[in-house]
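Structural characterization, general
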Amino acid sequence: MDRKLRDGASHRLPAISTSEPHHSYQTTHSGITKIARLSAALALAILVVLSLSDLSALSWTTSPRWPPTNAAHPLGSSEDTKKKEEDEFNWANITPSPPPIQWQPCYDDELDCARLDLPMDWQQADATNGSASVRRVILAIVRLRAAVPSNSPDYRGPVIFNPGGPGGSGIWSLRDHGKDLQTIVGTNHDIISWDPRGIGASTPRIDCWASAQDRVYWDLQDPGVVDAHEGAVYDAYARAAAYSQVCERNMEESGILEHSSTAYHARDLLAILEATGEKKLKYWGFSYGTVLGGTFAAMYPDRVERMVNDGNVDYEDWYNGTYIKFAHDTDKVMEAFYTFCHSAGPDRCAFHASSPLAIKSRLDALLTKLRAHPILVPQGQSPSSDPAEPYHVPSLVTYSRIRRLLSAAFYQPILRFPQIAPVLSSLEAGDALPYHHYTLSDSPPAAPPSPTTCQADGDDPLQPPPFIFFEEIGNPDVFTAVACSDAAPFISTPHDFALYAQQLLNISQAAGAVQASIRLSCAGRTVRPRWEPFNSSSLEAFKEVQTAHPVLFINNEFDNVTPLISARNNAKGFRGARVVVQRRSWGHTSLAAPSVCMARVVRGYFQGEGMPEEGRECWGDVVPFGPDVEEVTEESDMDGQEDLELRRAVWRLAGRRRMYGVL
């Protein structure tokens, strides 16, 4: 392997010192603490509603037509299937190995899994025992095999994808919707994804709380979004700083925080690529995955064979930690709710009024009412049709909760706008149960308890406990770990942050208060990554990059957190890159708004048809409050078999609910 690549450096980057101090690695933990940290993911559902910075952008959940299921199992599967998978497959049964990847069948007949043993510190990957290089990360990797054998002339190799976050689980994502992604890129490709360091079945994990109960207690103290009342900014600032201190203290022993950043993820991605036997990368990154894709391309430009960056985070904004460009088009997505609710009529939109402006006024009045008078769901009232499942404590629907509900709906307007309209209408009448039905459908129930409560001291901390079938949709603690490592150190005072929050509110009245949590999450962070090839002074690495094959950037015209302008800004740094816009499309990434045209573009790119022509545009196939998945006619005289397959795939993807944080 080339020395520069092995050290994680590049000819495009300045030399990086490798003379950091060494740390010994402790191999024993409290058994209870290890299990508690692993169980922290069970609080994920509560984070979706309550946290200031919840889960990854492309963490997918089931469509509402299916019952919610345990996050530790594939959604929509039967209890018998879950039990069978628990009995037959466990990540702990896979022995970690160095490259090359040692695949073994897992989950079902089409999937293979592996655990790849890699250095935690890529700058000292070849150091001797006794140094920091003894620390390892074990990455959990999954592959959906191509429909043709690898020795077939039609086989085109693997496409690796990252679902976003940072914090999204590639294992969960591939199992949930990998087949639809494979349909788009072509079934002559393998589809590969992985749990990045700190997430899911990859170890060591990043779990900031010692137990799931601690996380729940903490979230119950949530002060709300920062525009809710005077002083909320200062409460939120103090809360974020306290969380940072807890996280750094609880994760100090593992050393994972100082080795978690996009540069580390990019180097891990190169190791995965080489471990598959491939020389060049074929990649599809969503949301934060576009940061990872762009970073990989800047570090290893000669290793890029095909790269699609979909729903683009502005690289300069991300690495500077300014986080001001996210909200550029958010209010345009809110305006789409008013416009299309009105045009759809009362039969399709339960929050209908005589004009878009009247709908806006109706919503403003509801929010004003909730600010002063939250709606109470009394103790004992049932959240579902089953009267045997009453609430044991009263519950409040507040202004902050509805702001977050709206912000989450902006990610998938086609799917979610028709679902939240009746929720808003019911809240006007003082009925909060539809709100709870809606939010509960986003929240998988807690996993079954482990058969034991502790492990013996001395067990390998890199090994998942043998009785845990460990899989999660995403890890919210990884978001802050990576985002804060990538960004410039957070030195803002509460007053500075209040000014920033107001600036964001001026850009987006609809979601500025919610999105302010991105920057706030780094308050109080002191741990810096040992490897920082990208920061505010080294972003020249994203200019005039000559990749082995041009990069394709795609973006919806109106994306609530990764606006089109960011895709254009990013593409300027890569020679020969193209931006394909999905016009008349609202929401986050191309998958939020189905477009057979865009699916054709992506397939053609991966199938070797070359770059789309300059100025190429696609159009979304439907607008908010239009037909839903069940109403779409799958058979059409205008559809050939290829287009029919693509139409089914993009509509399935658009019809699956995703749980969102900020990216």
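What you see is a predicted model; the values in this text were computed from it and never measured.

Cut-offs and rules
Residues numbered from 1 in each chain as written. Predicted model: local features only at pLDDT ≥ 70, side-chain atom pairs only at ≥ 80, totals over all residues. Heavy atoms only, no water. Buried < 20%, exposed > 50% of the residue type's maximum accessible area, 1.4 Å probe, protein only. Helix = DSSP H or I, 4+ residues; strand = E, 2+ residues; numbered from the N terminus. Right-handed = clockwise from strand over helix to strand, strands pointing away. Pairing = 2+ DSSP bridges. pLDDT = per-residue confidence, 0-100. Contact = heavy atoms within 4.5 Å. Salt bridge = Lys/Arg side-chain N within 4 Å of Asp/Glu carboxyl O.

The next thing to look at is the pairing of strand β12 (residues 578–586). The buried fraction of β12 amounts to seven of the nine residues, a majority that puts the element mostly inside the structure. This β-α-β element, strand β11 (residues 552–558) to helix α20 (residues 564–571) to β12, shows right-handed connectivity. Direction of pairing for β12 relative to strand β13 (residues 617–619): parallel, over a ladder of three bridges. Each residue of the ladder has a partner; that of glutamine 582, found in β13, is cysteine 618. Taken together, β12, helix α21 (residues 596–606) and β13 form a β-α-β motif whose crossover is left-handed.

Most peptide bonds take the trans configuration, and most residues that are not glycine carry a negative phi. Omega for the bond connecting glycine 165 with proline 166 falls within 30 degrees of zero, at -5°, which places this linkage in the cis form. Locating proline 166 in the fold gives a position in the loop between β5 (158–162) and α5 (170–185). The step from threonine 203 to proline 204 runs through a cis peptide bond, and the omega angle for that step is -5°. Assignment of secondary structure puts proline 204 in the loop between β6 (190–195) and α6 (212–219). The phi torsion at threonine 589 lies on the positive side, around 75°, for a residue other than glycine. Residue position: threonine 589 is located in the loop between β12 and α21. For threonine 589, a relative accessible area of 0% translates into the label buried.

Turning next to the confidence of the model for the protein. Looking at the protein, the pLDDT average stands at 81 and 75% of residues meet or exceed 70. Segment residues 1–79 is flagged for pLDDT under 50; beyond a separation of four residues in sequence, or across chains, it makes 256 contacts in the model. In this model, residues 465–469 is a region of pLDDT below 50 whose contacts with residues beyond four sequence positions or in other chains number 26 contacts.

It is worth spelling out the pattern of salt bridges at this point. For the structure on display, the rule yields 29 salt bridges. The salt bridge partner of aspartate 222 is arginine 404, with a shortest N-O separation of 2.5 Å. Remark: arginine 404 occurs in helix α13 (residues 399–409) and aspartate 222 occurs in the loop between α6 and α7 (232–251); sequence separation between them is 182 residues. You'll find aspartate 222 and arginine 404 in the same group, each marked buried.

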